[in-house]
Amino acid sequence: MRKYNYGSIILILIANAIIVGILQNIFDGNLSILGGFVTFISDYIICRGLLYTREGSFSEYFMGIKTITGKAFLMNILVGVITVILLMFALLISGAGFLFTPFAINNTRVLIIAIVLIILITILLSLLFAYVNFFMADERYRDLPFFDTFMLILKTGLKLFKESLMAGLRAYKISLLTGLIALVTGILSFKSPSGLIFTFLFGGIAAIAFFLCTPRFRASLADIYEENNERIYSDTVEEDL
């Protein structure tokens, strides 16, 4: 992996978490969409930094905020809408409905199916749209029409899906292991409430490990993107011609 400034990325992630937390408290969770916008901006800054100021300081990374365009906002909104629709569909087919009703919560089978489907769809979409903000931050695609860019992102996500998945497994192996333990102990806690202690313990470890390993994962995606981008760009130019 090429060198990058881990500290700059982790500081951006910490700032993102603090701002999202403040917004959640101010609006009591009623305007959580604002948190989504803050997270998008943070991700864009990180992607931009990994492309153009990889070993730069926090301030050098943060200066990338000036290059955000309306197209980048719309693209992230579109991806967010697709994600929400598919997650709602997952809840429907699991039998949980649009929200977790008392029936869903009290029905262990329904709850387990809903949680598993949500996790799988979230992982699938995260990998499929892993390169959204790399494309949005890349100057070469600034003039590419919106839906052409979306199709290019989707096509790239499919082509690089295996590489992205392997990068995720390498970066998040601790989180995946402890998260699986937390899920299993959480399911078992329906019969033995004392198991909740292990659920919270391993769930907390998984969350912390996930947070700390995210810079490595984003840097790995940047490497994959740049290793394949010349071919992607050439194919795009040839299609336009």
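Rules behind the numbers
- Residues numbered from 1 in each chain as written.
- Predicted model: local features only at pLDDT ≥ 70, side-chain atom pairs only at ≥ 80, totals over all residues.
- Heavy atoms only, no water.
- Helix = DSSP H or I, 4+ residues; strand = E, 2+ residues; numbered from the N terminus.
- Buried < 20%, exposed > 50% of the residue type's maximum accessible area, 1.4 Å probe, protein only.
- Contact = heavy atoms within 4.5 Å.
- Areas by Shrake-Rupley, 256 points an atom, 1.4 Å probe, with all protein chains shown as cover.
- Polar contact = N/O pair within 3.5 Å; in protein donor to acceptor, adjacent residues only side chain to side chain.
- Core = buried A, V, L, I, M, F, W, Y, C linked by side-chain atoms within 4.5 Å.
- Salt bridge = Lys/Arg side-chain N within 4 Å of Asp/Glu carboxyl O.
- Patch = residues over 30% accessible without salt bridge, like charges linked within 9 Å, V, L, I, M, F, W, Y side chains within 5 Å.
- Arc of directions from axis to C-beta.
- 1 Å grid on protein atoms, 1.4 Å probe; cavity = no way out; pocket = protein on both sides within 12 Å on 5 of 7 lines; lining within 4 Å.
- Points joined across faces, edges and corners; volume = space filled by probe spheres on them.
- Nonpolar A, V, L, I, M, F, W, Y, C, P; charged D, E, K, R; others polar.
- Expected span 1.5 Å × (residues − 1).

Caption draft 1: Highlighting the overall build of the protein chain. Assigned secondary structure in the protein chain consists of 11 helices and zero strands. For the protein chain, the residues scored as buried account for 39% of the 241 residues in total. Within the protein chain, contacts between residues separated by at least 24 positions form 74% of all contacts whose residues are at least 6 apart in sequence. When the accessible surface of the protein chain is split by element, carbon and sulfur atoms take 73% of a total near 13,400 Å².

Caption draft 2: Quick look at the side chain of R48. Following the sequence through the fold, R48 ends up in helix 2 (residues 32-52). Of the polar contacts made by the side chain of R48, one reaches the side chain of E139; its length is 2.9 Å. Beyond its immediate stretch of four places on either side in the chain, R48 contacts T53, G64, T67, A137, E139 and R142.

Caption draft 3: Representation of the environment of I123. Note that I123 resides in helix 6 (residues 108-128). Considered as a pair, I123 and L165 are 42 residues apart in the sequence and their alpha carbons are 9.1 Å apart.

Caption draft 4: View of the nonpolar core. Counting residues in each nonpolar core, the largest one holds 46 residues, and the members touching the most others are L50, F129, Y131, F134, F135 and M136. Listing elements by their share of this core, those giving two or more residues are helix 1 (6-26), helix 2, helix 4 (70-94), helix 6, helix 7 (132-137), helix 8 (146-159), helix 9 (161-171) and helix 11 (196-240). Per-element tally for this core: the top contributor is helix 11, with eight residues. Beyond its immediate sequence surroundings of up to four residues, L50 is in contact with Y4, I9, Y61, F134, R218, A219, A222 and E226.

Caption draft 5: The pattern of salt bridges, seen in detail. Counted by the stated rule, this structure contains seven salt bridges. A salt bridge links E226 to R2; the nearest nitrogen and oxygen atoms lie 2.3 Å apart. In this pair, E226 is assigned in helix 11 and R2 in the segment before helix 1, connecting sequence segments 224 residues apart. The class for E226 is partly exposed, based on a relative accessible area of 30%. A relative accessible area of 41% places R2 in the partly exposed class. D43 serves as the salt-bridge partner of R218, at 3.0 Å between the closest nitrogen and oxygen.

Caption draft 6: Expanded view of a nonpolar patch on the surface. A cluster of nonpolar residues, L11, I14, I18, I22, I26, F58, F62 and I65, forms a patch on the protein surface that exposes about 680 Å² of accessible area. When contributions to the nonpolar patch are tallied by element, the ones reaching two or more residues are helix 1 and helix 3 (58-62). A per-element tally of the nonpolar patch places helix 1 first, with five residues. Classification of I14 as partly exposed rests on a relative accessible area of 35%.

Caption draft 7: How the structure looks around helix 9. Buried within helix 9 we find S164, A167, G168 and A171. All buried residues of helix 9 fall inside an arc of 100° around its axis, so they share one side.

Caption draft 8: Focus on the environment of F210. Residue position: F210 is located in helix 11. A residue is classified by how much of its surface remains accessible, and F210, at 43% relative accessible area, is partly exposed. Sequence separation between F210 and G179 is 31 residues; the distance between their C-alpha atoms is 9.7 Å. Setting aside its immediate chain neighbours within four residues, F210 contacts Y172 and S175.

Caption draft 9: Layout of empty space enclosed by the protein. In this structure the tally under the stated criterion is two cavities of 30 Å³ or more. Computed from the structure, the second largest cavity encloses a volume of approximately 30 Å³. Looking at the second largest cavity, the residues that line it are T69, K71, F135, M136, Y141 and R142. For the lining of the second largest cavity, the residue count by class is three nonpolar, one polar and two charged.

Caption draft 10: Representation of helix 8 in the model. For helix 8, with 14 residues, the first-to-last C-alpha span of 20 Å sits near the 20 Å given by 1.5 Å per residue. The complete set of buried residues in helix 8 reads T149, F150, L152, I153, T156 and G157. In a view along the axis of helix 8, the buried residues occupy a sector of 160°, so they form one face of it. When the buried face of helix 8 is taken as reference, the exposed residues oriented beyond 90 degrees from it are F147 and L158.

Such coordinate-based values are descriptive only and should not be taken to indicate function.
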